[in-house]
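If you want the building blocks of each chain, they are given just below.
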Amino acid sequence: MKRFAAVTLSALMLLTVFASAASAADSVEIRGPVFNGSNIDDIVGDGITIDATQFAAFYYDIDDNVTTETLSIKPVSGNSGNVIGEGGIVYSTKIQQVDYEYEKPSIGWDNYSLLGFFADKYIPLKSNSADKLAKLVLDSDDKYTVRTGETLDLGQGYSLQAKQVDVDGNKVWLEFDKDGEYVDDEIIDVGEGDSTWDVELDDIQDEDDVVVLKVHVNQVFQGAVDSIAQIEGLWLIDYANAIKIESDDEFGDLDDVSINGDTLNITNEDTFTLTRDSTNELAEGLSFKVADTSSNMLRFYLAKEITDPGTYEVRGSVASGAYDWDASNFAGFYYDLNDNVETENLSVSNLKGNVIQKGGLVYTTSIKDVDYEYYKPSLDWDQYPVIGFFAEEYIPLKSNSADKLAKLVLDSDDKYTVKTGETLDLGEGYSLQAKQVDVDGNKVWLEFDKDGEYVDDEIIDVGDGDSTWDVELDDIQDEDDVVVLKVHVNQVFQGAVDSIAQIEGLWLIDYANAIKIESDDEFGELNDVSIQGDTLKISNDDTFTLTRDSDQDIAEGMSFKIADTSTSDLRYYPFVERTVGNNTTVSDITKPSGNETVGNETVTPDNITTETPEDVNATPETPEATTPEEPTDNATKPEENSTPGFGVVLGLVGLLGVVYLVRRNN
């Protein structure tokens, strides 16, 4: 038994060793328009203003065509070079009225006050004052069927319980809870015509009679086995975390607050420097991302980085008729800020009503050259060809032909320290092993694997001037000598205890899943393919209907969202979805599971359908499209000053301990 216990413990420790590889959190960047010029004065001119039609992170309701937020850069006296003067940045947001998703004006479900606040949806506690706000948690017209004894999870710790249904099947007793604690309850009679429960609470940031929850019960059913309430219409705010904004508040570098009734303005009291080759944080998740340019050039865009797990819409500008989208007005398209490179275009023409005629929907992309992140031209790390393909970053197998492509997995100039015996996870099943370091500490033997299987290996000498390993493979979509991996080894160290290789410079393509595009291929609704050297053009061979109040797939994860408008009006935009992490609870919004009932367990919502995605609020995660990952998304990159392979060391120590125990008990 002792020997069995020791062996079992050994196995568990081995599992710990293999499970110890870390992976950085994913993120999604929402990009605004790109500004180019010689300096800030040249760019600003008479002033520039960014609103929700240009910046997909800002709140936008496509059905009601409502926006609330803007960010402006003003021509103030302190503007100079790459410095924005005092008061030169102005964030403004104003309360607007929007329709409930469950729109029934006759029973009090008409519209409500809403304020976008740094790209999140907030509800003012007073409809005409922007100083007291609570985040919107839920706005739904979906149907939820809940049996008595079940709990409906609304998100953010809020929930509804169906306590009892009366014997006549006309009334249901509901209880509203926060973090499992009672808040309020009500008996709702569906036979009275108005079966809505408005939960009003007092002392919410010193405000009384605040409606924090609206619930409409559609039907009640008392059966022989089950007692059921059907809810259709849910609206909820996070009243427990309501905030009060005051004139002396500071939001990052925006620290001069002015509240004028329904409008909130915040400006910078100090100068703001657009530091080149960096992300300059502004306020509440908003940043200016600035290109690595010379001092006589300035290029930047407004961005919001999202790290909360979920699936997000990244949208393009809103159109009402024929339109052209490229990387400047569709944040989903590939764009390289430093090289100012874009490759993709989507155009709509020949539009009759809401029907795009044959050949009127055209997607075009072409090959461009960009710098490696590890930019060392003297070491053959200068540029590589890239092509955006339906908002993903691909590498052509031939630099002048757009017909054979592989997705870019990794392009990094980060430093990775790997001990011999360790495996560096590169993402998508690719990895590097440091096999051995020579006794002189000048050479390292590396092995490149795919899904744990050997692909290639090389002994790299850091003393010979060029310590880059180019892995070239044959028969990749019938192409030979394809560079699939570039690795630059910066240093090799042979110590008394550890043998270490320091890698700086990694580039990798997903050659195992390379694709070949042919003239008879079809990509969703785009089915007329033309390849002309470095340019790929795909159009619709049939009509394409922009059906109102729907999402219409275009191709390869790209879609149009069309507003719910009258037949005389049309409003739509393109979007792609981006997924962060593995958590299905997104942006604090969850949705009960349709009409299902699940025993006496909690009914957990998922897949809520609201207008939130375009406001960078998330919808439940499931899309299979994979965003080309940033270096830290795929590689097991040790933190600064950390000991590489620490989990492996612990595992080995544990194994030695087990060996000792086994020997002792023998």
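The following paragraphs examine the structure supplied in this document. The model shown is predicted, which means the values in this text are computed figures rather than measured ones.

## As for the pairing of strand β21 (residues 263-267)
Here comes step 1: The element β21 is largely enclosed, with a buried count of four among its five residues.
Here comes step 2: Note that strand β7 (residues 89-94) and β21 share five bridges and pair antiparallel. Within the sheet, the bridge partner assigned to Val 90 lies in β21 and is Thr 267.
Here comes step 3: Alignment of strand β20 (residues 256-260) against β21, held across five bridges, turns out to be antiparallel.

## Focus on the nonpolar core
Here comes step 1: Membership of the largest hydrophobic core comes to 92 residues, with the highest contact counts inside it found for Phe 117, Phe 288, Phe 300, Phe 389, Met 558 and Phe 560.
Here comes step 2: No other element matches the six residues that strand β25 (residues 298-306) contributes to this core.
Here comes step 3: In contact with Met 558, other than residues within four places in its own chain, are Phe 330, Phe 333, Leu 346, Tyr 363, Phe 390, Ala 391, Asp 553, Phe 575 and Val 576.
Here comes step 4: Grouped together as the second largest cluster of nonpolar side chains are 45 residues, Tyr 374, Trp 381, Leu 473 and Tyr 511 included.

## A short note on the pairing of strand β47 (residues 535-539)
Within a regular strand, side chains alternate between the sheet's two faces.
Here comes step 1: Pairing geometry for strand β33 (residues 361-366) and β47, over five bridges, is antiparallel. Paired with Ser 366 across the two strands is Thr 535, which belongs to β47.
Here comes step 2: In this structure, strand β46 (residues 528-532) lies alongside β47, joined through five bridges in antiparallel fashion. Each residue of the ladder has a partner; that of Val 529, found in β47, is Ile 538.
Here comes step 3: Where β46 hands over to β47, the hairpin turn is made up of two residues, of which Gly 533 adopts a positive phi near 60°.

## Overview of the packing of aromatic side chains
Here comes step 1: A complete count under the given rule lists 40 aromatic pairs for this structure.
Here comes step 2: Relative to Trp 235, the ring of Tyr 112 has its centre 5.4 Å away and its plane inclined at 65°; by these criteria the two rings are edge-to-face. Taken as a pair, Tyr 112 in strand β9 (residues 109-117) and Trp 235 in strand β18 (residues 227-237) lie far apart in primary sequence, 123 residues in all.
Here comes step 3: With a relative accessible area of 5%, Tyr 112 lands in the buried category.
Here comes step 4: Ring geometry for Phe 389 and Tyr 394: centres 5.6 Å apart, planes at 90°, overall edge-to-face.
Here comes step 5: Put simply, the rings of Phe 55, Phe 58, Tyr 91, Phe 117, Phe 118, Tyr 122 and Phe 251 pair up and form one aromatic cluster.
Here comes step 6: Lying across the ring of Tyr 430, Lys 450 places its NZ or CZ 4.2 Å from the centre.
Here comes step 7: Over the aromatic face of Phe 575 sits the side chain of Lys 561, whose NZ or CZ is 5.7 Å from the ring centroid.

Calculation notes
Residues numbered from 1 in each chain as written. Predicted model: local features only at pLDDT ≥ 70, side-chain atom pairs only at ≥ 80, totals over all residues. Heavy atoms only, no water. Buried < 20%, exposed > 50% of the residue type's maximum accessible area, 1.4 Å probe, protein only. Helix = DSSP H or I, 4+ residues; strand = E, 2+ residues; numbered from the N terminus. Pairing = 2+ DSSP bridges. Core = buried A, V, L, I, M, F, W, Y, C linked by side-chain atoms within 4.5 Å. Contact = heavy atoms within 4.5 Å. Phe/Tyr/Trp six-rings, centres within 6.5 Å; stacked < 30°, edge-to-face > 60°. Lys NZ or Arg CZ within 6 Å of the ring centre and 35° of its normal.

Bear in mind that shape data such as this cannot, by itself, settle questions of function.
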